[in-house]
Amino acid sequence: MEKEYLIKLEKVNELRLEDAERENVLAFFEKRAEDLASLEEVETSNITRMVHVMPITAGIREDVAIKKFERDDLQKGAPETTDGYWQVPRLVE
Amino acid sequence: MTKYETVIGLEVHVELATKSKIFCSCSAEFGAEQNESVCPACCGMPGMLPIVNKKVVELGMTAGMMLNCDINRVTTFDKKNYYYPDLPTSYQTTQLFAPICVNGTVEITTSKGTKNVRIKQIHMEEDAGKLVHDDWTDTSLVDFNRTSVPLCEIVSQPDLSSAEEVVAYLERLRSLLRFAKVSDCRMEQGSMRCDVNLSIRPEGSDKLGVRTEIKNMNSISAITRAIEYEVARHIDALETGSEELVQETRRWDDIKGKSYAMRNKETAGDYRYFPDPNIMPIVIDDEWYDSVKKTLPEFPEVKKARYVDKLGLTEYDADQLTRSRALCDCFESASATCGMPKEVANWLISDVMKMLNKKSMTFDMLSLDGNKLGQLIKLVEDGKVSRANAKKILSIMFDEDINPEEYAEKNGYIVSNDTDQIASIISAVVAGDPKAVADYKSGKEKAIMSLFGKCMRELKGNCDPQVLKELLIDIVNKA
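Residues numbered from 1 in each chain as written. Chains lettered and ligands numbered in written order. Predicted model: local features only at pLDDT ≥ 70, side-chain atom pairs only at ≥ 80, totals over all residues. Heavy atoms only, no water.

Regarding the interface of chain B and chain A
Chain B puts 50 residues into the contact, and the matching count from chain A is 35 residues. Carbon and sulfur atoms make up 58% of the surface buried where chain B meets chain A, a total of about 3,800 Å² over both sides. Per-residue buried area on chain B facing chain A is highest for Ser25(B), Gln34(B) and Met280(B); these three make up 14% of the total on that side. Seen at the junction of chain B and chain A, the total is 6 salt bridges. Across the salt bridge formed by Asp135(B) and Arg90(A), the nearest N and O atoms sit 3.3 Å from each other. (Contact = heavy atoms within 4.5 Å. Buried area = accessible area lost by both parts, 1.4 Å probe. Salt bridge = Lys/Arg side-chain N within 4 Å of Asp/Glu carboxyl O.)

So, the sheet that holds strand β6 (residues 91-94) of chain B
Residue and element names in this part refer to chain B. The antiparallel open sheet is built from 3 strands, whose spatial order is β6-β5-β16. In this open sheet, the two strands that pair with only one neighbour each are β6 and β16 (274-275). In this sheet, β16 lies alongside strand β5 (residues 78-81) in antiparallel orientation, the contact comprising 2 bridges. Along β16, the bridge assignment pairs Lys79 with Phe274. (Pairing = 2+ DSSP bridges. Helix = DSSP H or I, 4+ residues; strand = E, 2+ residues; numbered from the N terminus.)

What to know about the nonpolar core
Proteins that are soluble and globular tend to have nonpolar side chains buried together. Residues and elements named next belong to chain B. By size, the foremost hydrophobic cluster in this structure holds 66 residues, and its most contacted members are Leu10, Val12, Ile154, Tyr169, Leu170 and Val196. No other element matches helix α2 (residues 163-179), which puts 9 residues into this core. Non-local contacts of Tyr169, meaning those with residues more than four positions away in its chain, are made with Leu10, Val12, Val106, Ile108, Val117, Ile119, Ile154, Ser156 and Leu160. Listed in part, the 39 residues of the second largest apolar core include Leu327, Ala334, Ala345 and Val380. (Core = buried A, V, L, I, M, F, W, Y, C linked by side-chain atoms within 4.5 Å. Buried < 20%, exposed > 50% of the residue type's maximum accessible area, 1.4 Å probe, protein only.)

Description of the confidence of the model for chain A
Considering every residue of chain A, the mean pLDDT works out to 89; 98% of them sit at 70 or more. Of all helices and strands in chain A, the one with the weakest mean pLDDT is helix α1 (residues 3-12) of chain A (88), whereas strand β1 (residues 60-61) of chain A scores best (95). (pLDDT = per-residue confidence, 0-100.)

Brief notes about the sheet that holds strand β13 (residues 212-217) of chain B
Residue and element names in this part refer to chain B. If you walk across this open sheet you meet the 9 strands as β3-β7-β8-β11-β1-β12-β13-β14-β15, and the pairing is mixed. Each edge of the sheet is formed by a strand with only one pairing partner; in this case those strands are β3 (70-71) and β15 (258-264). Sheet topology places β3 next to strand β7 (residues 101-110); 2 bridges connect them, and they run antiparallel. Along β7, the bridge assignment pairs Asp70 with Val102. Contacting β3, β7, β8 (113-126) and β11 (150-156), helix α1 (residues 54-66) crosses the sheet at an angle of about 165° to β8. The strands that helix α3 (residues 220-240) touches are β1 (4-15), β12 (192-202), β13, β14 (248-253) and β15; relative to β12, the one it contacts most, it runs at about 25°. (Axes fitted to C-alpha atoms, helices over the stretch in contact; angles between N-to-C directions.)

As for the environment of Ala305(B)
Following the sequence through the fold, Ala305(B) ends up in helix α5 (residues 300-309). Looking at Ala305(B), the relative accessible area reads 34%, which means it is partly exposed.

A few points about the packing of aromatic side chains
All names here are of chain B. Tallying each qualifying case throughout the model produces 8 aromatic pairs over all chains. A centroid spacing of 6.4 Å and a plane angle of 40° characterise the contact between Tyr407 and Tyr413, whose relative ring orientation is tilted. You'll find Tyr407 and Tyr413 in the same group, each marked buried. Taken together, the ring pairs in this structure connect Tyr82, Tyr271 and Tyr273 into an aromatic cluster. Directly above the ring of Tyr289 sits Arg73, whose terminal nitrogen or CZ lies 4.2 Å from the centroid. Residue placement shows Lys80 over the ring face of Tyr271; its charged tip is 4.4 Å from the ring centre. (Phe/Tyr/Trp six-rings, centres within 6.5 Å; stacked < 30°, edge-to-face > 60°. Lys NZ or Arg CZ within 6 Å of the ring centre and 35° of its normal.)

Description of the pairing of β8(B)
Residue and element names in this part refer to chain B. Bridge count between β7 and β8: 9 bridges; the pairing is antiparallel. Looking across to β8, one finds that Glu107 is bridged to Asn116. Hairpin connection of β7 to β8: 2 residues between the antiparallel strands. Of the strand pairs in this sheet, β8 and β11 are connected by 7 bridges, and their pairing is antiparallel. Of the residues in β11, the one forming a bridge with His123 is Glu153.

A short note on the pattern of salt bridges
Per the stated rule, a full pass over the model turns up 44 salt bridges over all chains. Measuring nitrogen to oxygen at the nearest pair gives 2.7 Å for the salt bridge that ties Arg22(A) to Glu10(A). Of the two residues, Arg22(A) sits in helix α2 (residues 19-39) while Glu10(A) sits in helix α1, which places them 12 residues apart along the sequence. Judged by relative accessible area, Glu10(A) falls into the buried class, the value being 4%. Across the pair Asp433(B) and Lys454(B) runs a salt bridge, and its minimum N-O distance is 2.8 Å. A residue pair is termed long-range when its members are at least 10 positions apart, and Asp433(B) in the loop between α12 (419-431) and α13 (434-441) and Lys454(B) in helix α14 (residues 447-458) qualify at 21 residues. Residue classification places Lys454(B) among the partly exposed positions, given a relative accessible area of 32%. Via salt bridges that share partners, Glu230(B), Arg233(B), Glu243(B), Glu248(B) and Arg250(B) belong to a single interconnected network.

So, the environment of Ser395(B)
All names here are of chain B. Structurally, Ser395 is set in helix α10 (residues 387-399). Taking the relative accessible area as the measure of exposure, Ser395 reaches 31% and is therefore partly exposed. Sequence separation between Ser395 and Val292 is 103 residues; the distance between their C-alpha atoms is 37 Å. Polar contacts involving the side chain of Ser395 include one to the main-chain carbonyl oxygen of Lys392, which spans 2.8 Å. (Polar contact = N/O pair within 3.5 Å; in protein donor to acceptor, adjacent residues only side chain to side chain.)

In C-alpha cells:
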C-alpha cells in the first residue's frame, strides 16, 4: 500500500494517523501482503472452496410482492412529511 | 493536427423484471403513489435484515448466459458506503468481490462490420430512492418506492470507439435482455440507463488518456450527442490547452448540449466497500444453474433464420418480427393455431403494428393472445369473416378478451351465403342509382365499383366480394 492511498483511506474513514502510526500500518500491510503471497505457493487445485467460516449459505425467498405496511405508520416517527414524502433539508448538488 | 481515437467503456444499469424488491417483499412495480411500496427494511430502519429475492439471482444468471459470461457459482454481496438522503441505510448493497457474472462478450454490428465487446462483469444491486426538490418550501422530498428495486449493472471493457458503436452495443443489449425477459429496458422510464466512461488518445498509442464519466444517461440520442460533445471537448483541451482535463464525473444537459463537472471521479477506496455480514454467500449448484439455462430463449438471429428457412418468411418480415419477444411469441402461437405463418406475419406487421403505433404502445407491450389471432385469421381465410370486419374485431381484441368467432356471430360479422338476400339488397341499390347503371351500360366500367361499394356497405361487409361482384354485374346487365 502506498502512503498516499493510506492518507486517502484515513480521510474517507474519518481517521487521522500520526506519521509514526502510518509507518506502522504500512509495515503491517506489507507483511500481510507477503503472507498472502506465500499462500500462492500452496497447491489448492483439489480443495473445495470454503464459502463461509460457518457451513451456511444465504436464505432466499420467492418473488412475491406483499404489502405489509401502511405509509402513515412508517412516517409516524418522521420529523417532517408532506404529501406522503419524507421532507429533508434541501440538498446542494 | 494529431489524429485521435476514442476509448469508451459503459456501465449499463437495467432494472430487473421482478414483482418484488431485491431484499424485501415490497412491490417493485413502477408508478405507485409516493412511499406506498415501502417497508421498514427498504426504509433503512434499524434492525431490519435483507432476504435475497431468488428471481433476482436467476435473472442475473440469465443476463450472464445471454451475454456469454461465466457464472460465479458462489456469489456474495458487499456494502458500498456513501451518504445521500435517497439512500436510507447510507450504504448500497451491491457486489464487488464476487459478482454473479464475469468475462462475457457481446457481438455488435456497425457500418464498419462486426466486433466483439468484452463484458468485464455483471453485478446485482439495489436501486436508490427518488428525490424531488421543492422550491416553494426550499426542501427536498424523498420517495423510497425505488429503494431496493433490483438492478443488474453490466460493465463493459473499454472496447468501444464511437457513438455508433455505443448505440449498436446498447441496442444489442436491449434486444437480448428483452428477449430473455430479464428487463423491459425502457429507457424513458429509467429501467435502462447508462454511464459513459470516455477518454481519447493519439491514434496508435496504447496509453489511455484522462477519463471522464457521464452519469445517468437514459436516451440513445442524448448519449450520441454527449459522446460527440465530450470527444470534441477532450480534443480541444489537448490541442489548444483551453482547459485541463481531469478525471471526473460529469452531467449531460441535453437542452444546452453541454456537459458539466459534478464531482471528482470516485474510486473503490472512497466507498469503503466491505462484505455484507447480513447476507451469506449464495451458492449456485448445478441443478439451479441447469434449470435457469433451460429457460433461455432462442437468440433473435437464430429465430430470424428459422423464420426464413423453415417458415418461408421474407428477410424483411423475419427482421420485423424478431425485434420483440412479444411479437415473436404472438407470431408463433398464431401460426400454430392457423397454420399460415405468412398470413400471420402480414397481419402482425401491417395491422397489429399500426394499432400499436396508434395507441403509442411499444412491441413489448403487446398482450394480444396469439392463439386468438390465429383463430381470427382462419375465419378470414375460410371466408367466414371479411378482412375489413376482421380488422374491426382485431381492434376489440386489443382491449378485451374475446373469442373472435363468438364475437363475429354476436355482432353480425359472419359472411352471408344467402344469395337471395344478397340479390335483393343489390336490386334495391341498383334501383336507387339509375345514373350509375346507365354509365356502366354506356361503357364506363368504373361505375360498377361505385355500386359495388354501396352494396358492400348495405351488407356491412358480410359478403364474399367475388360473389357480390358476379351477382351485381348480372343484375345491372338485366336492369
